[in-house]
Number of protein chains: 2
Amino acid sequence: MTCSAEYTLQLRARGFRMTSQRLAILHVLRHEGTHLSPGEIYKKALMELPGLTEPTVYRTLEFLAENGLARSSHAGGGRLTYQIAAADHHHIVCRVCKTEIEVEHRLLSSLYHALETASGFKNIGSHVTFFGVCPKCQTN
Amino acid sequence: MTCSAEYTLQLRARGFRMTSQRLAILHVLRHEGTHLSPGEIYKKALMELPGLTEPTVYRTLEFLAENGLARSSHAGGGRLTYQIAAADHHHIVCRVCKTEIEVEHRLLSSLYHALETASGFKNIGSHVTFFGVCPKCQTN
DNA sequence: TGCCTTATTGTAAGTTTTTGCAATAACAAT
DNA sequence: ATTGTTATTGCAAAAACTTACAATAAGGCA
Ligand SMILES: [Mn+2]
Ligand SMILES: [Mn+2]
Ligand SMILES: [Zn+2]
Ligand SMILES: [Zn+2]
């Protein structure tokens, strides 16, 4: 089964519909892999699907994130970016030089458990961005 | 010494200037205590300082956050909110009902240590927003 | 006090993101 | 295949946020 058929079934199971707009955006996210801004996603998806509009891109990205097919992050500054949902991970961004690294969720999972125990919340999600000072900028 | 004089000295020490705009915004943040959007802050500060403009509010909030006098967060949805800098803390927001609780930084200090050891980054900052499902929504 | 440097602000315009609503199209049922 | 229901989209406008640059004013110094 193709991966787009997978996505379609996942949405149908929740009572949602697959559309050409959602497929085009998912295709862009899968193809790029990295975090992308809504504007970048719009430009790329527009080439696959002429007539696609910006409000649809914004709504679709939020929808995909809510339904676990995409992840959103505030990596850079205040602006949201999106990427396809894959292995659980987090980010650390250097406050000085803006370098960004990924951290596997596995490294923090026991501490997430502690957080869940202490707070009573369950199913606390990954893909958090932390800010710190990178090794290179510590020496300068 | 008044707290505004404290703020003034903190800025001067870094080569920055205290202005009526910064004082008005700091006063609003101190008075409210909670997270506020730039628009809310603008409306309140405008009453204290007629003539204040929105671009100044956005720039000032970013400036105050960079210099440790305010904290920014993405608590709600995609939008940034700000609050006065005080005790280190984090937030957990319920994905279902949007209820938000505060978590003392102390609870996460071992997570932060693990993160600093694993990544090599130092001085990783607090005030992170986690998303999960609150106790009440777990039962429903 | 009065001047000088330059950090900071206001203005005006641009860009990004959101919203309400009518038109469209997915897909379940016939 | 045709139809009906309604989730989803496009459109148009509004709201939120950013930018470039000239005007202003904070605060160091004579
Ligand atoms: Mn990521
Ligand atoms: Mn907070
Ligand atoms: Zn760095
Ligand atoms: Zn809840």
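Located above this text is the structure these notes cover.
What counts and what doesn't
- Residues numbered from 1 in each chain as written.
- Chains lettered and ligands numbered in written order.
- Predicted model: local features only at pLDDT ≥ 70, side-chain atom pairs only at ≥ 80, totals over all residues.
- Heavy atoms only, no water.
- Helix = DSSP H or I, 4+ residues; strand = E, 2+ residues; numbered from the N terminus.
- Contact = heavy atoms within 4.5 Å.
- Areas by Shrake-Rupley, 256 points an atom, 1.4 Å probe, with all protein chains shown as cover.
- Lys, Arg positive; Asp, Glu negative; His and termini not counted.
- Charge placed at Lys NZ, Arg CZ, Asp CG, Glu CD.
- Donors = N, O, S within 2.8 Å, 3.2 Å for Na, K, Ca; no water.
- Buried < 20%, exposed > 50% of the residue type's maximum accessible area, 1.4 Å probe, protein only.
- Near = heavy atom within 4 Å.
- Polar contact = N/O pair within 3.5 Å; in protein donor to acceptor, adjacent residues only side chain to side chain.
- Nonpolar A, V, L, I, M, F, W, Y, C, P; charged D, E, K, R; others polar.
- Buried area = accessible area lost by both parts, 1.4 Å probe.
- Salt bridge = Lys/Arg side-chain N within 4 Å of Asp/Glu carboxyl O.
- Tetrahedral: all angles 85-135°; square planar, octahedral: opposite > 155°, others 65-115°.
- Pairing = 2+ DSSP bridges.
- Axes fitted to C-alpha atoms, helices over the stretch in contact; angles between N-to-C directions.

1. Describing the overall build of chain A
Secondary structure assignment for chain A yields 6 helices and 5 strands. Its C-alpha atoms give chain A principal-axis dimensions of roughly 50 × 40 × 25 Å. Sequence separation of at least 24 residues holds for 49% of the intrachain contacts in chain A that already meet a minimum separation of 6. Accessible surface, chain A as shown: approximately 7800 Å² in total, 53% of it carbon and sulfur. One finds the centroid of the 15 positive side-chain charges in chain A at a distance of 2 Å from the centroid of its 12 negative side-chain charges.

2. So, the coordination of the manganese ion (ligand 2)
All names here are of chain B. H35 (NE2), Q83 (OE1), H89 (NE2), H91 (NE2) and H127 (NE2) make up the full set of protein donors to the manganese ion (ligand 2), lying at 2.0 to 2.2 Å. For the manganese ion (ligand 2), the single-chain donor residues occur in sequence as H-x47-Q-x5-H-x1-H-x35-H. Of the two residues, H89 sits in strand 3 (residues 89-94) while H127 sits in the loop between helix 5 (109-119) and strand 5 (129-132), which places them 38 residues apart along the sequence. Accessibility expressed as a relative area gives 9% for H127, which makes it buried.

3. Remarks on the protein's contact with DNA strand C
Taken together, 19 residues lie around DNA strand C, and M18(A), Y58(A), R22(B), T56(B) and R59(B) are the ones closest in. Considering the 4 Å shell around the protein, atoms of DNA strand C inside it are sugar or phosphate in 71% of instances. Contact distances for DNA strand C include 3.0 Å between a phosphate oxygen and a side-chain N or O atom of T19(B). For DNA strand C, a sugar or linking oxygen lies 2.9 Å from a polar atom in the side chain of Q21(B). Secondary-structure elements contributing two or more residues to the surface near DNA strand C are helix 4 (54-66) of chain A together with helix 2 (20-32) and helix 4 (54-66) of chain B. The residue inventory of the surface near DNA strand C, partitioned by class, reads 6 nonpolar, 5 polar and 8 charged.

4. Comments concerning the interface of chain B and chain A
Across the boundary between the two partners, chain B contributes 34 residues, which contact 32 residues of chain A. Carbon and sulfur atoms supply 74% of the area that chain B and chain A bury against each other, a total of about 2500 Å² over both sides. On inspection of chain B and its partner chain A, the count reaches 0 salt bridges. Between the two partners, chain B and chain A, sit 9 residue pairs in polar contact (both at pLDDT 80 or more). When residues of the side of chain B that touches chain A are traced back to their parent elements, those giving at least two are strand 3, strand 4 (100-104), helix 5, strand 5 and helix 6 (135-139) of chain B. If one sorts the elements of the side of chain B that touches chain A by residue count, helix 5 of chain B sits on top with 7 residues. Here the residues of the side of chain B that touches chain A are counted per class, giving 21 nonpolar, 11 polar and 2 charged.

5. Some thoughts on the coordination of the zinc ion (ligand 3)
All names here are of chain A. Distances from the zinc ion (ligand 3) to its protein donors, C94 (SG), C97 (SG), C134 (SG) and C137 (SG), fall within 2.2 to 2.4 Å. Here the zinc ion (ligand 3) is ringed by 4 donor atoms whose angles at the metal span 104 to 114 degrees, and the overall shape comes out tetrahedral. Residue classification places C134 among the buried residues on the basis of a relative accessible area of 6%.

6. Things to note about the sheet that holds strand 5 (residues 129-132) of chain A
Across the sheet, which stays open at both edges, the 3 strands sit in the order 4-3-5 (chain A) with mixed pairing between neighbours. Either end of the sheet is taken by a strand with one partner, and the two such strands are strand 4 (100-104) and strand 5 of chain A. For this sheet, the mean angle separating the axes of adjacent strands, direction not counted, is 30 degrees. For strand 3 (residues 89-94) of chain A and strand 5 of chain A, the ladder comprises 4 bridges, and the chain directions are parallel. Its bridge partner lying in strand 5 of chain A, V93(A) is registered against F131(A). Sheet strands in contact with helix 5 of chain B are strand 3, strand 4 and strand 5 of chain A, and its direction is about 70 degrees off that of strand 5 of chain A.

7. A look at the sheet that holds strand 5 of chain B
Residues and elements named next belong to chain B. Spatially, the 3 strands line up as an open sheet ordered 4-3-5, and their pairing is mixed. Edge positions in the sheet fall to strand 4 and strand 5, since each has one partner strand and no second. Ignoring which end each strand starts from, the neighbouring axes of this sheet average 30 degrees apart.

8. Quick notes on the pairing of strand 4 of chain B
As a general feature of sheets, a regular strand has side chains that alternate between the two faces. Residues and elements named next belong to chain B. Judged from the 5 bridges that link them, strand 3 and strand 4 form a sheet pairing that is antiparallel. Opposite I92, over in strand 4, you have I101 as the bridge partner. Hairpin connection, strand 3 to strand 4: the antiparallel pair is bridged by 5 residues, and K98 has positive phi, about 70 degrees.

All we've got here are geometric facts, nothing functional implied.
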